[in-house]
Amino acid sequence: MKLKRSLYRFLLILIVGIFVLIQVIDFFNPEFYHSFEIVSNIVSIVTFAALGFLFFLIKEFDKKADEYTKDQQKMKNIFDTLDVAIWSHDLKTDTLLITPGIEKLYGRKLESFYEDSNLWKEVIYPGDLYVLEEREKKLAAGETVTSHYRIIRPDGEVRWIQDRGIPTFDSKGDFVDFNSVLFDITDRKESEGLYQSIVEMSPDIIAVVHDGRIEYINEAGCKLIGAESQEQVIGQSAKNYVPAQITDLIKSKVFSPDKSEKERHTFEFQVRRTDGESIDVELAARAILYEGRFAIQVVGRDITQRKKSEQTIKFMAFYDTLTMLPNRNQFRKHLNEILHRQEHKKHAVLFLDLDRFKIINDTKGHSVGDIILQKVADRLEKAVQNEGLVSRQGGDEFIIVLEDVNKEKASQVAKRILNEFSYPFEVNSEEFFVTPSIGISIYPMDGSDEETLIKNADTAMYQAKEHGKNNYQFYSNNLDGISTWKMKLENWLRRAMEQNQLTLHYQPQLDLCTGNIVGVEALIRWNHPEYGYIAPSEFIPLAEETGLIVPLGKWILREACERRKAWKDEGYEDFPIAVNVSVRQFQDEHFIRFITEMLEEAGLEANYLELEITESLMQNLENSTIILNQLKELGVLLSVDDFGTGYSSLSYLKHLPIDKIKIDKSFVDDIIYHSNQGMMVKTIIDMGVNLKFTVIAEGIETEEQVKFLTQNACQIGQGYYYSKPLPAHKLEEFLLKGSVPIF
Ligand code: C2E
Ligand code: MG
Ligand code: MG
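All residue numbers refer to positions counted from 1 along the written sequence of the respective chain. Chain A is the first chain written and ligand 1 is the first ligand written, with later ones labelled in order. Predicted model: local features are reported for residues with pLDDT of at least 70 only, side-chain atom pairs are reported and counted for 80 or more only, and whole-chain, interface and lining totals are derived from all residues. Heavy atoms from the whole structure form the basis of all side-chain values; hydrogens and water molecules are not counted.

## Focus: the coordination of the magnesium ion (ligand 3)
Only nitrogen, oxygen and sulfur atoms qualify as donors, and only when within 2.8 Å of the metal (3.2 Å in the case of Na, K and Ca); with water excluded, sites may look incomplete. Bound to the magnesium ion (ligand 3) are the protein donor atoms Asp641 (OD), Asp642 (OD), Glu698 (OE) and Glu698 (OE), situated 2.1 to 2.4 Å from the metal. For the magnesium ion (ligand 3), the donor residues sit on a single chain with the sequence spacing D-D-x55-E. Taken as a pair, the magnesium ion (ligand 3) and the magnesium ion (ligand 2) show a spacing of 4.0 Å, with Asp641 coordinating each metal. With Asp642 in strand S23 (residues 637-643) and Glu698 in the loop between strand S25 (694-697) and helix H27 (703-711), this pair connects stretches of sequence that are 56 residues apart. The way it works is that DSSP assigns letters per residue, a run of H or I at least four long becomes a helix, a run of E at least two long becomes a strand, and they are numbered from the N terminus.

## Description of the layout of surface pockets
Here the term cavity refers to a set of points on a 1 Å grid, laid over the protein atoms alone, in which a 1.4 Å probe fits but cannot get out; the term pocket refers to an open set having protein on both sides within 12 Å along at least five of seven lines, with lining residues being those that place an atom within 4 Å of a point. Grid points are joined across faces, edges and corners, and a volume is the space filled by probe spheres set on the points. What the second largest pocket holds in volume is close to 530 Å³. Forming the walls of the second largest pocket are 29 residues, and the residues nearest its centre are Val209, Ile214, Ala238, Val242 and Thr247. Elements that contribute at least two residues to the lining of the second largest pocket include exactly strand S6 (205-210), strand S7 (213-217), helix H9 (219-225), helix H11 (244-254), strand S8 (265-272), strand S9 (278-290) and strand S10 (293-302).

## As for the sheet that holds strand S13 (residues 397-402)
Two strands form a pair only when DSSP identifies at least two bridges running between them. Read from one edge to the other, the open sheet built from five strands follows the order S12-S13-S11-S16-S17, with strand pairing classed as mixed. Either end of the sheet is taken by a strand with one partner, and the two such strands are strand S12 (388-394) and strand S17 (472-474). Taking the axes of each pair of neighbouring strands and ignoring which way they run, one obtains an average angle of 20 degrees across the sheet. Where strand S16 (residues 435-443) lies against S17, three bridges are found, and the strand directions are parallel. Axis geometry follows a simple rule: fit a line to the C-alpha atoms, using only the stretch in contact for helices, then measure angles between N-to-C directions, giving values from 0 to 180 degrees.

## A word on helix H20 (residues 549-569)
One fewer than the residue count of a helix, multiplied by 1.5 Å, yields its expected span. End to end, H20 covers 29 Å across 21 residues, agreeing with the expected 30 Å (1.5 Å per residue, within 8%). Just beyond H20, the residue with positive phi is Gly571, at close to 105 degrees.

## Observations concerning the sheet that holds S7
If you trace the five strands from one edge of the open sheet to the other, you get S7-S6-S10-S9-S8, paired in antiparallel fashion. Only two strands of the sheet have a single partner each, and these edge strands are S7 and S8. Mean inter-strand twist for the sheet, computed between neighbouring axes without regard to direction, equals 35 degrees. Looking at chain direction, S8 and S9 are connected through eight bridges and run antiparallel. Counterpart to Phe269 in the pairing with S9 is Val281. Residues are treated as being in contact if the distance between any of their heavy atoms lies within 4.5 Å. On top of the sheet, helix H12 (residues 304-318) reaches S8, S9 and S10; it is set at about 130 degrees to S9, its chief contact.

## Examining the site of ligand 1
We call a residue near a molecule or strand whenever a single non-hydrogen atom of that residue lies within 4 Å of it. What surrounds ligand 1 is a group of 21 residues, the closest being Arg525, Asn580, Asp641, Glu701 and Tyr720. Whenever a nitrogen or oxygen atom comes within 3.5 Å of another N or O atom, the pair is scored as a polar contact, on the condition that within protein one atom can donate a hydrogen and the other can accept it, and that pairs from neighbouring residues in sequence are kept only if both atoms are in side chains. Interatomic distance of 2.8 Å between a side-chain N/O atom of Asn580 and an oxygen atom of ligand 1. Between Ile700 and ligand 1, the recorded distance is 3.4 Å, taken from a backbone N or O atom to an oxygen atom. Computed by Shrake-Rupley with a 1.4 Å probe, the accessible areas treat only the displayed protein chains as cover when residues are assessed. Within the complex, the protein chains bury 82% of what would otherwise be the 780 Å² of accessible surface of ligand 1. Sorting the residues of the shell around ligand 1 by element identifies strand S19 (517-528), helix H19 (536-546) and S23 as the ones contributing at least two each. Top contributing element to the shell around ligand 1 by residue count: S19, with four residues.

## Some thoughts on the coordination of the magnesium ion (ligand 2)
Within the first shell, the magnesium ion (ligand 2) binds the protein through Glu521 (OE), Asn580 (OD1), Glu612 (OE) and Asp641 (OD), at distances of 2.0 to 2.2 Å. Linear spacing of the donor residues for the magnesium ion (ligand 2) on their chain is E-x58-N-x31-E-x28-D.

## Thoughts on the environment of Ile658
Along the chain, Ile658 turns up in the loop between helix H24 (650-653) and strand S24 (660-663). Taking the relative accessible area as the measure of exposure, Ile658 reaches 7% and is therefore buried. It is 80 Å that separates the C-alpha atoms of Ile658 and Ile217, two residues lying 441 residues apart in sequence. Excluding anything up to four places from it in sequence, Ile658 contacts Ile613, Leu628, Leu638, Val640, Leu653 and Phe693. Note on exposure labels: buried denotes an accessible area under 20% of the residue type's maximum, exposed denotes more than 50%, and partly exposed covers the range between, all computed with a 1.4 Å probe on protein chains only.

So, in structure tokens, the structure goes:
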């Protein structure tokens, strides 16, 4: 543009010059001019026209030049305000042009770069100088190069520079010009660095997958899949680690056309590790632009532990962790399903409670109790086989449902269960006899819903307990309300103790050879004012359960001792009075003191009192031995009641200060019914006598039994055959006789 303007100015001067020349010639030689007058006039007109036009052109050019300069200034201003610097080096003329923006970027004066052409290099962070080597190589090859390096400002601040170098070559291939555009990219670099370290240091898996291949994976991701390095994984197919249907699902969800790109999708699945193991992973995925292409970014974490906890919680919600049997919830669910699925068939619910289990727990501790419960669970499953579902309800209660069975089939299973309990449980080389009481309800007769069926099986179970435990009973309508009955009974019993509704009856014990009375057993009787007679077998277990047995037992002991003292005073000298004592009373820490004080208050010598204990006491042999020895020291006699039904063996007893053993009525009964059980009685008597115990046979009802017992050297007998338990005044009549006839 400048060139054009000069040309026009030259033309203008030329025309003006020609015009002035013509006027000068005209002044000195008018002739010459006149000969050209017409021409001269035309020249003048053209000259003026040309002058006008040229003047216009020059004006226009000046205007344009001004605008151009303004634009240039404007551009310069823009460059100066931006964090950009341009470095231009004309190699031919060796002229350097640097825009003032460099001051802002480098924090140094523009002139300093002109003064020291190496300054730009000197301020580069030493660690980044290596970048220049490659850059120079590429520039020399004619390539445009973008490099990133750090510079150090005079105040020590470090900034990131992006340097885009553009080389220019002439037609001969000579490097003639070099331009470099410099940007401050510190902010971008910092956020990139921050992002990168977040990604790399993240404990979560972060990966980018493009076209099914892993393009990026962080360290946590490598660790999760068991890879040693990122290189081992990058470039691999995602399907090597994730099931194909999952990768396909992720892809379809993430790139679904009707979803927004920002939408996140979460997935839970199993990842295959390089070592072949599987782990649970939770993953979020979304579409991102990665290196100019649409890819899937995934962020996930190992949830194996969480999954395990979830499973445990789930398991605990439906299973009993001690026995691993289904629990109450699972059982109810299962029973409901059966009732829905098999509405028109018969099903049985067996409610099972362990007899005397509480005593084991109380005397041996929960750890032994727990082992026994586990063993019980195994035996129940063995007995039920695949015919039903065994569950533990809690404590020592188990419920079994038998699907599609009739009454006979239910009986068979119940018998199999009882049979499984016919041999002892061994824990820490000790043997424990635990027996079950089973109540059975049948759908639909005994209930149409789960709740009623369980309730009625429970009621029937109580009936089984009433029938002497270790048996099974079917539900029948008249068992209804046993639980409420139990509650009523408990209240009544409390009142009975206050209102003296309880009395003691006495049953004589006789020398089988001489017929002489050698002892008396005190047995409690309860005559309820409205309900009438309530058997001890009904309320004693309840009193044991509720703890009422402790105050009740004290009353019984005192009453019996006072009675014995009165008889003694009347002259009935020779025999002791036997009183039944529950384990619970024994566990009372004041028991020994109570006995001592009570005997003293009653004025009775200790050898007139005999305590009947049960074999369950032997379960805590150590503790019982101490108490029994203390009692023995007092001079109290000790006998083992219901011998043969519990856990103890005679060899146990020989280490204890026991005086007598009472053979249980069930064995005495079997003398008449089963010949081999008669053998049992015989064995007990033989061993007992050998061990120097006095042997008493309970529940003698027939002459035949008496004969068998005397023949087998049993010394003492007790039973209806001789006398029922009698009120005190009636017993006195019996005592008056002194003896019963023998044969
Ligand atoms: P146990 O100590 O074995 O008492 C013997 C039971 O057999 C008594 O039943 C007695 O009446 C009964 N009996 C005696 N001879 C015969 C017979 O020839 N045939 C039949 N069928 N039965 C006979 P009872 O009085 O109903 O007592 C039952 C159980 O209740 C007792 O068994 C004992 O364990 C407990 N018990 C009774 N009184 C007391 C007491 O004062 N304190 C404690 N802790 N328990 C007691
Ligand atoms: Mg007894
Ligand atoms: Mg007995």
